[in-house]
Amino acid sequence: MFDQLEIVEERYEQLNELLSDPDVVSDTDKLREYSKEQADLQKTVEVYRNYKSIKEQLDDALEMLSEASDAEEEAMIKEEIAELKPQIPQFEEEMKLLLIPKDPNDDKNVVMEIRGAAGGDEAAIFAGDLFRMYSRFAEEQGWKIDIMETNESDHGGYKEISFTIIGNGAFSKLKFENGAHRVQRIPATESGGRIHTSTATVAVLPEVEDVEIEIRQEDLRIETYRSSGSGGQHVNTTDSAVRITHIPTGIVATSSEKSQIKNREKALKLLKTRVYDKMLQEETDKYAEQRKSAVGTGDRSERIRTYNYPQNRVTDHRIGLTIQKLDQIMEGKINEIIDALTIAEQTSKLEALNDGAL
C-alpha cells in the first residue's frame, strides 16, 4: 500500500510542475486533463501526508519517552502518545479506501430510463412514482433534470420515460438504482382491497461525451414525424419530432419537443448513450464473474428492491437493508439507502484489494 501511496504522491508533484509549464497552460485540453487528474489525487495525497506527519510525531514521542528525565515529563509524553496512536489505524483505513480504483463514470451526468414492467397500468403508475422520487432527490442535490423521451400511460404514470440528471457526481450516487423495482400495494382501481405486486425497471447510464464514442453518420437513419400529444394545443402541427436509428445495432432514440433542432440534438445524445451502454453491457457480460460485487451483477432484470406500502417498508435485497420509511423515501429521501450501498461496495472492493484481486 505504501509503495502505491509514494507513486501517487510523486505523480501529484509531477502534475504540479506540469500545470506550471507554459506549454501546458497554453493547451486547453492538456490543462483540463492534468487539472482533473490532480484534483482526483489531492485527497489521497493530503491524507497520506497527514499520516506521515502523525507517524513522525509518534516516533519522536516514543523516542522522547525512553529519554524522559522525570515523572512529570514522562506523563506529558504518554498523554501525547495516547492522543496520536489511535490516529494511525484510522488514517490507514482511510488510505486503503482512497486507493480503491475509482469508477471513471462517477463524476458524470446520468441518463435514467424507467419502464413499467409486470403489472399493466399499476406498473406504469409506479414508474411515474419512481420518476417523482428521483426528481425530488435530484432537487435536494441541486441537480437539474432534462426529460428526453416519454410514453405516458392512459391511467397515469409512464409506460416509459427517459431523462438526464445533470449534476456533479450524479452517477456515483444513482448507479445503484439500476435494476428491477417491485411495488406491493392496493391499486386505486382495486375495489376488493387486494394487494397487487407490480414492477418497473430502472436503467442508469453514464452520459456519454463525444470523445468516448464515435458514431458514423452513414450508420444513422434520421426520420421526422408529427408527435401525438394529449390533445388541443399540445398536438404538434409540424413534423418536428425526431427518431434516430443506429442501423448496426437497431438501437432507436426519439425526442418530440416543439423544436426539431433541439429534438435532433437530444435524440442523438440519447442514442449515443444507449449505444455506449450496449458496449459496456457486452463487456460486463464478458467479465461478469470478475466484476460481480456486493451490490449485484448490474443485470437490469435483477430484482433489487421492494416497496411495500401496507407496511411502509422498503427492502433492498442486495444488502438485506430494510427501512420503515417508505413515505419519506418516495419523497426523494433515499440518501440512507445510497449510503448503505456505497459502504457495501467499498467494503467489497476493500476485501478484494486486501486479497490482491484489484
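The coordinates are above.
All of the points below concern the structure found in this document. Everything numeric here is computed off the predicted structure, so don't read it as measured data. Counting restarts for each chain, with residues numbered from 1 along the sequence as it is written. Predicted model: local features are reported for residues with pLDDT of at least 70 only, side-chain atom pairs are reported and counted for 80 or more only, and whole-chain, interface and lining totals are derived from all residues. Hydrogens and water molecules were not included; the side-chain quantities draw on all heavy atoms of the structure.

1. A short note on the sheet that holds strand β7 (residues 241–246)
Step number 1: At least two DSSP bridges between two strands are needed for those strands to be called paired. In this description a helix means any DSSP run of H or I spanning at least four residues, a strand means any run of E spanning at least two, and both kinds are numbered starting from the N terminus. With antiparallel pairing, the three strands of this open sheet are ordered in space as β6-β7-β8. The open sheet has two edge strands with one neighbour each: β6 (220–225) and β8 (251–255). Looking at each pair of strands side by side, their axes are set apart by 15 degrees on average, direction ignored.
Step number 2: Pairing of β7 with β8 involves five bridges; the strand directions are antiparallel. Paired with H246 across the two strands is I251, which belongs to β8. Each axis is a line fitted through C-alpha atoms, and for a helix only the stretch in contact is used; angles between axes span 0 to 180 degrees, taken between their N-to-C directions.

2. Points about the packing of aromatic side chains
Step number 1: Ring pairs shown here join Phe, Tyr and Trp side chains whose ring centres sit within 6.5 Å, with only the six-membered ring taken for Trp; geometry is labelled stacked below 30 degrees between planes, edge-to-face above 60, and tilted in between. With the rule as written, the count across this model stands at four aromatic pairs.
Step number 2: With 5.8 Å between their ring centres and 80 degrees between their planes, F131 and Y158 make a pair best called edge-to-face. You can see F131 sitting in helix α6 (residues 121–141) and its partner Y158 sitting in strand β3 (residues 158–166), a full 27 residues away along the chain.
Step number 3: Only protein chains enter the accessibility calculation, which uses a 1.4 Å probe; a residue is then buried when its area is under 20% of its type maximum, exposed when over 50%, and partly exposed in between. Among the residues examined, F131 registers a relative accessible area of 12% and is labelled buried.
Step number 4: Judged by its relative accessible area of 16%, Y158 is buried.
Step number 5: Centre to centre, the rings of F131 and F163 are 4.9 Å apart; their planes meet at 70 degrees, and the pair counts as edge-to-face. One end of the pair, F131, is in helix α6; the other, F163, is in strand β3, with 32 residues separating them in the sequence. For the pair formed by F131 and F163, the shared burial category is buried.
Step number 6: Ring pairs connect the aromatic residues F131, Y158 and F163, which therefore count as one cluster.
Step number 7: By the criterion adopted, a ring carries a charge over it if an Arg CZ or a Lys NZ lies within 6 Å of its centre and within 35 degrees of its normal. Against the face of Y309 rests R185, its NZ or CZ located 4.8 Å from the ring centre.

3. A short note on the pairing of strand β5 (residues 196–206)
Step number 1: Taken across its eleven residues, β5 has eight buried, putting it largely inside the fold.
Step number 2: Sheet topology places strand β1 (residues 110–116) next to β5; seven bridges connect them, and they run antiparallel. The residue bridging V110 from the neighbouring strand is P206, located in β5.
Step number 3: Looking at chain direction, strand β4 (residues 179–185) and β5 are connected through seven bridges and run antiparallel. Residue pairing for β5: R185 is matched across the bridge by H196.

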